[in-house]
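Each chain, letter by letter, is given below.
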There are 2 protein chains.
Amino acid sequence: MPLPSDLISHQVRLAARPVGLPTDDVWRYTDEPVGAPDEGGLVVRVEALSLDPAMRGWMNEGKSYIAPVGIGDVMRAGAVGRVLASRHPGFAEGDWVAGALGVQTVARLDARTLASAGMHRIDPSLGTPAQWLNVLGMPGMTAYFGLKEVGQPRAGETLVVSGAAGAVGQTVGQLGRILGLRVVGIAGGEAKCRFVVDELGFDACVDYKGGALKEDLRAHCPQGIDIYFDNVGGDVLDTVLTRLARKARVVICGAISQYNATSAVAGPKNYLSLLVNRARMEGMVVFDYADRYGEAVAELAGYLKDGRLRSREDVVRGSVRDFPRTLLKLFSGENLGKLVLELDGAAA
Amino acid sequence: MPLPSDLISHQVRLAARPVGLPTDDVWRYTDEPVGAPDEGGLVVRVEALSLDPAMRGWMNEGKSYIAPVGIGDVMRAGAVGRVLASRHPGFAEGDWVAGALGVQTVARLDARTLASAGMHRIDPSLGTPAQWLNVLGMPGMTAYFGLKEVGQPRAGETLVVSGAAGAVGQTVGQLGRILGLRVVGIAGGEAKCRFVVDELGFDACVDYKGGALKEDLRAHCPQGIDIYFDNVGGDVLDTVLTRLARKARVVICGAISQYNATSAVAGPKNYLSLLVNRARMEGMVVFDYADRYGEAVAELAGYLKDGRLRSREDVVRGSVRDFPRTLLKLFSGENLGKLVLELDGAAA
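Here the structure is a predicted model, which means the values were calculated and not measured. Within every chain, residues take consecutive numbers counted from 1 along the sequence as written. Think of it this way: whatever chain is written first is A, whatever ligand is written first is 1, and the rest follow in order. Local features are withheld for residues below a pLDDT of 70 in this predicted model, meaning they are given only at 70 or higher, and side-chain atom pairs are given and counted only at 80 or more; totals for whole chains, interfaces and linings count all residues. Just so you know, side-chain values use all the structure's heavy atoms and leave hydrogens and water out.

## Some words on the nonpolar core
The nonpolar core is taken to be a set of buried Ala, Val, Leu, Ile, Met, Phe, Trp, Tyr and Cys residues, with the residues joined through side-chain atoms within 4.5 Å. Each residue gets one of three labels from its accessible area relative to the maximum for its type: buried under 20%, exposed over 50%, partly exposed in between, using a 1.4 Å probe on protein chains only. Among the nonpolar cores identified, the biggest contains 54 residues, and A:Tyr228, A:Met281, B:Tyr228 and B:Met281 are the most heavily contacted of them. Only heavy atoms enter the contact rule, under which two residues are in contact if any of them lie within 4.5 Å. Among residues more than four places away in sequence, those in contact with A:Met281 are A:Leu237, A:Leu241, A:Val250, A:Ile252, A:Pro268, A:Leu274, B:Tyr271, B:Leu274, B:Ala279, B:Arg280 and B:Met281. Core analysis: the second largest hydrophobic core is formed by 49 residues, B:Val80, B:Ala143, B:Val183 and B:Cys205 among them.

What follows is the structure in structure tokens.
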């Protein structure tokens, strides 16, 4: 079926670099006609957008593990979509795909951007679009490789994960349980902690807002902490460092407490615990494992299917214009599970 | 030959826990008669004492990688000595030995303290007493296992070592060169930097007091830093973190800039460079490798003999009463090479 000639993409672009939390004035909205794909290219309708803490980093200038979003560019976002038109031999009209489609209703990709966006077909029988942005997507991949490759878990060890109710944390903890670890979450507030224990099956969860993080960790990790999977940085990281076990591994996956910092990031002042405990702190970036995503998807989809792994998404339905305020939910600590924006008018 | 019945040991004991730099009033001097050894024990005359940054940590209360020195106890110190009397089958009168003999002129060890002090015979043909406290002793062991086991060096990589003119740093850098690395030292002052390049053969040395550490590291490490061997912590560590190469290894061996801190230790605020660069920061404690010291001594003694490795000691001659003020040289930044106190009246 040919593309309608009046097909328009509604887009959210970065207008300015934010200072602190991204305010309304850092965004600009555009509507652009979408032409047919070039040879080797695709046109994809965006069905669901992934909202990630890392997005805040992409909005900053300066070198990171990925180039910043340029001023005037469509905001980068992982997404699931369906192919509207293809001139690429690997994709057919109607295929479900995932990749960095951006915050827009329709994405037109040429052969080059298609590769850099990491576009790939997904199997809708393994999970919903939201699950493909969660357990079967980047958060799941991050959890899987961060825990298995960097964390080097051994059955019987104690794993602590911060951001336990978040997208990455929920899978880290559940995977830890499957691998035979004792798993203690850290989350903000009683509701999240209940969710983490009652619905996700962690052994325990500590409320970092409770004012007794150190004592609570001591109580729940009497043998010390063998693996700490850190999504938050800041004071929580500092406190966990005081409870490391000998030869502990600290996986640095993110530092959401620092992403909107307008003053200098606070360094972990207890880092000499690494020396005392012969412990390791190591950063990980999920893209390094791209050639092994298939292995992780197969394993995690199996756990989803047999019920050992639960997937929890916080799905907001709306238009791309709802992206800016939805993104802020990540930083206010109010969302539970993977935050997804499903676009109205998108066929589920 | 029986021990003289009036043999006295002159001792330096810890009288109080220091706040900041150890002042005179934290020490107490005692003279005690030394009896004959018990069955399974030794009496050893101390010939040379090792003065180490780590000593400052042993004087603090609280858990570390080793128990603190108790108030009233003889100050712990690594030393080389000669056996005056032995009732242990592994040692004979006249043997040269090394271990934690403490800051005293004569040490009497029973079977139990002999083991916990790590007493072992040394071969005086491989090095002088001062060298047995340096390249062939704890600093050399620390350099060897820290670089090889934690640093995981590969020929062609760039190694940066702080405290480059110090006991551990000098061997780390020279060993790095032997292993085919590009080696850049960090030291305080022009004289130390000249020594590090001209006498130790590092490729370059940066003066951290020069006010341009970041720029100097950029100039000398254009491909980034693959291994950073950290003896100092603080601002130097923070600056080095900004220049890490992908998959870098940071060996946390010490933090001399922090040992006398009376306020909170400063955390490395650039630790998220570990994430961006998929890098690792790992602590090491030399005692973990005790069962492999023989391997390291053999290799390092070989390098000493064939001239590829130079050993530089800052030898002070005096009595045990000179220990307190000699120790302060470590923290004022004035000493070059391994600081050793050779005891007057000791037979060389």
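## What about the relation of the copies chain B and chain A?
Both copies of the chain are related by one operation, a rotation about an axis with a shift along it. The two copies are related by a screw operation: chain B maps onto chain A through 180° of rotation and 0.0 Å of translation along the axis, at an RMSD of 0.0 Å. Accordingly, the operation relating the two chain copies is best matched by a two-fold axis. Looking at the rotation axis and the C-alpha trace of chain B, the residue lying nearest is B:Gly267, at 2.0 Å. Here 100% of the interface residues in chain B have copies in chain A that are interface residues too; the copies meet face to matching face. Least-squares superposition of the copies uses the C-alpha atoms of those residues scoring a pLDDT of at least 70 in each of them.

## Description of the environment of A:Leu327
All names here are of chain A. Segments assigned H or I by DSSP are reported as helices when at least four residues long, segments assigned E as strands when at least two residues long, and all are numbered from the N terminus. If you trace the backbone, Leu327 turns up in helix α11 (residues 323-332). Owing to a relative accessible area of 0%, Leu327 belongs among the buried residues under this scheme. C-alpha of Leu327 to C-alpha of Ser50: the two residues are 277 residues apart in sequence and 9.6 Å apart in space. Leaving out residues up to four positions away in the same chain, Leu327 has contacts with Pro22, Trp27, Leu51, Asp52 and Met55.

## Quick look at the domain arrangement of chain A
Residues and elements named next belong to chain A. An automatic or database domain assignment supplies the residue ranges for each domain. Assigned domains within chain A: domain 1 (8-134 + 312-343) and domain 2 (138-287). Relative to domain 2, the C-alpha centre of domain 1 lies at a distance of 28 Å. At the interface, 21 residues of domain 1 touch 16 residues of domain 2. Buried area: the accessible area, evaluated with a 1.4 Å probe, that two parts lose upon being put together, summed over both parts. Of all residues in domain 1, Asn134, Arg312 and Leu336 bury the most surface against domain 2, accounting for 33% of the area lost on that side. Any Lys or Arg side-chain nitrogen located within 4 Å of an Asp or Glu carboxyl oxygen qualifies as a salt bridge. A salt bridge links Glu199 to Arg312; its shortest N-O distance comes to 3.3 Å. Counting of polar contacts relies on pairs of N or O atoms within 3.5 Å, with two restrictions inside protein: one atom must be capable of donating a hydrogen and the other of accepting it, and residues adjacent in sequence are counted only when both atoms are side-chain atoms. Linking domain 1 with domain 2 are 4 residue pairs in polar contact (both at pLDDT 80 or more). For the side of domain 1 that touches domain 2, the secondary structure elements donating two or more residues are α1 (54-58) and α11.

## Some thoughts on the sheet that holds strand β12 (residues 244-252) of chain A
Two pairing modes exist for strands in a sheet, parallel and antiparallel, and in both the strands are linked by backbone hydrogen bonds. Within the open sheet, the 12 strands sit side by side as β10(A)-β9(A)-β8(A)-β11(A)-β12(A)-β13(A)-β13(B)-β12(B)-β11(B)-β8(B)-β9(B)-β10(B). Their pairing is mixed. Every interior strand has two partners, whereas the edge strands, β10 (204-207) of chain A together with β10 (204-207) of chain B, have only one. Each strand axis lies, on average, 15° off the axis of its neighbour in the sheet, ignoring direction. By this definition, two strands are paired if DSSP reports at least two bridges between them. Relative to β10(B), strand β9 (residues 182-187) of chain B is paired through 4 bridges, and the arrangement is parallel. Paired with B:Val184 across the bridge in β10(B) is B:Ala204. Along the sheet face, helix α6 (residues 190-199) of chain A touches β9 (182-187) and β10 of chain A and points at about 170° away from the line of β10(A). Axis definition: a line fitted to C-alpha atoms, limited for helices to the stretch in contact. Angles are taken between N-to-C directions and run from 0 to 180 degrees.

## Points about the pattern of salt bridges
The full count for this structure, using the stated rule, is 44 salt bridges over all chains. The partner of A:Arg308 in a salt bridge is A:Asp306, with the nearest N and O atoms 3.3 Å apart. With relative accessibility at 48%, the residue A:Arg308 sits in the partly exposed group. Overall, A:Asp306 belongs to the partly exposed group, its relative accessible area being 45%. A salt bridge links B:Arg249 to B:Glu157, with the shortest nitrogen-to-oxygen separation between them at 2.6 Å.

## Examining the pairing of strand β5 (residues 96-99) of chain B
Residue and element names in this part refer to chain B. Every second residue of β5 is oriented toward a common face, with Trp96 and Ala98 on one face and Val97 and Gly99 on the other, all of them buried. Pairing between strand β4 (residues 79-86) and β5: 4 bridges, direction antiparallel. Residue pairing for β5: Arg82 is matched across the bridge by Trp96. In this sheet, strand β7 (residues 120-121) lies alongside β5 in antiparallel orientation, the contact comprising 2 bridges. In the strand pairing of β7, Val97 is matched with Arg121.

## Observations concerning the interface of chain B and chain A
Facing 33 residues of chain B, the contacting portion of chain A comprises 33 residues. Between chain B and chain A the total buried area reaches about 2800 Å² when both faces are included, carbon and sulfur atoms providing 60% of it. Contact with chain A buries surface across chain B, with B:Tyr271, B:Leu275 and B:Arg278 losing the most and accounting together for 25% of the total. Along the contact surface separating chain B from chain A lie 4 salt bridges. The partner of A:Arg278 in a salt bridge is B:Asp288, with the nearest N and O atoms 2.7 Å apart. Our enumeration of links across chain B and chain A arrives at 7 residue pairs in polar contact (both at pLDDT 80 or more). Only α8 (234-241), β12 (244-252), α9 (273-276) and β13 (280-283) of chain B provide two or more residues apiece to the side of chain B that touches chain A. If one sorts the elements of the side of chain B that touches chain A by residue count, β13(B) sits on top with 4 residues. Residues are sorted three ways: Asp, Glu, Lys and Arg are charged, Ala, Val, Leu, Ile, Met, Phe, Trp, Tyr, Cys and Pro are nonpolar, and all the rest, Gly among them, are polar. Residue composition of the side of chain B that touches chain A, grouped by class: 18 nonpolar, 7 polar and 8 charged.

## What to know about the packing of aromatic side chains
Residue and element names in this part refer to chain A. Stacked, tilted and edge-to-face pairs are distinguished by plane angle, under 30 degrees for stacked and over 60 for edge-to-face with tilted covering the rest, among Phe, Tyr and Trp rings (Trp via its six-membered ring) whose centres lie within 6.5 Å. For the structure shown, the criterion picks out 6 aromatic pairs over all chains. Aromatic side chains Tyr144 and Phe145 sit 4.9 Å apart centroid to centroid with 75° between the ring planes, which places their arrangement in the edge-to-face category. Each member of the pair, Tyr144 as well as Phe145, is classed as buried. Ring geometry for Phe145 and Tyr289: centres 4.8 Å apart, planes at 5°, overall stacked.

## Quick look at α11(A)
All names here are of chain A. Inspection of α11 places Phe323, Pro324, Thr326, Leu327, Leu330 and Phe331 among the buried residues, and these make up the whole buried set. One face of α11 carries all of its buried residues, which in axial projection span an arc of 165°. Each element contacted by the buried residues of α11 is listed here: β1 (8-14), β2 (27-33), α1, β14 (313-318) and β15 (338-343). Taken from the residues just after α11, Gly333 is the one with a positive phi, measuring 80°. The arc refers to the directions leading from the helix axis to the C-beta atoms.

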